[in-house]
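The lines below spell out each chain.
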Amino acid sequence: MAEVCLTVTGLTVAYANVVAVDDVDLDVSAGEVVALIGANGAGKSSLLKGLMGLGGRVQGSIVLARSNLAGLPPPRRARLGMGYVPEGRRVFAGMTAEENLLVASTDSATARTARTEEMYALFPQLGVRRDAPAWQLSGGEQQMLAVARALMTRPRLLLVDEPTLGLAPAAAQSLIRVLRGIAAKGAAVLMAEQNARAALAAADRAVLMHLGRIEASGTAAALAGDERLLRSVMGG
């Protein structure tokens, strides 16, 4: 049985007087892809940000590979093995693709260079475009770059927010295959995705969120077959 990588207990994320995530329990095992599914405003992005320590008032327990992350700033969480791909990519537009990768690592120059080559093997198109400013990359290439940048630190857990948003179907499918491959090599992947069908096709397990709470969870195959539940959570 795979080792549990992330254990979340009683997670609540609030902004001023608005509770975005309400008393969520969640776990993700090494080698597993878990999809967070829900309509816009369900709390998916807020949950990922809360795990990463980005914004909001966070309460509850977050344990990553036996390390308690309570109160730790995002850089410390990253050093303990958490990688984060935000919604909207947020690459450094004025830097080249390669500079975006290099700046994400604190390893030696030799190790950083070796890791960038691993990223180019994973995303060959980035290798072709390594010297291009990030703003010149296509949407799909920028999303590849955002994922590759998060992988530069070899995270135990990869948090990915809306990976297929705005991508052409072929680019979205290619990215999903990469995320599956990352999990196959032993990392845990927690993916927030508004496209329920794409998420369920990619995931081992899924968690359906509505108004900050978990409405249902189970294997992706089982939830994909429950049309009534999906319609109720996704708002039709």
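The notes below deal with the structure included here. (Residues numbered from 1 in each chain as written. Predicted model: local features only at pLDDT ≥ 70, side-chain atom pairs only at ≥ 80, totals over all residues. Heavy atoms only, no water.)

1. What to know about the pairing of strand E7 (residues 157–161)
Put simply, the rule reads: Only protein chains enter the accessibility calculation, which uses a 1.4 Å probe; a residue whose area is less than 20% of its type maximum is buried, one above 50% is exposed, and one in between is partly exposed. Secondary structure elements follow DSSP: runs of H or I of four or more residues count as helices, runs of E of two or more count as strands, with numbering from the N terminus. Here a strand pair is declared whenever DSSP counts at least two bridges between the two strands. Crossovers are described as right-handed under a simple rule: with the strands pointing away from the observer, the path leading from the first strand over the helix to the second runs clockwise.
Of all 5 residues that make up E7, 5 are buried, and the element is covered over most of its length. Along E7, one buried face is formed by Leu157, Leu159 and Asp161 and the opposite face, lined by Leu158 and Val160, is buried too. The pairing of strand E6 (residues 82–85) with E7 spans 4 bridges and is classified as parallel. Across the sheet, residue tyrosine 84 finds its bridge partner in E7, namely leucine 159. Two strands pair when backbone bridges link them, and E7 and strand E8 (residues 188–193) are joined in this way by 5 bridges, in the parallel orientation. Residue pairing across strands places leucine 159 opposite leucine 190, the latter belonging to E8. On the question of chirality, the crossover connecting E7 to the parallel E8 by way of helix H7 (residues 169–184) is right-handed.

2. Concerning the environment of valine 13
Short version of the rule: Only heavy atoms enter the contact rule, under which two residues are in contact if any of them lie within 4.5 Å.
For valine 13, the location among the structural elements is in strand E1 (residues 4–15). With 171 residues separating them in the primary sequence, valine 13 and alanine 184 have C-alpha atoms 31 Å apart. With near-sequence residues (within four places) excluded, valine 13 lies in contact with Val18, Val19, Ala20, Val21, Ser46, Gly50, Gly56, Arg57 and Val58.

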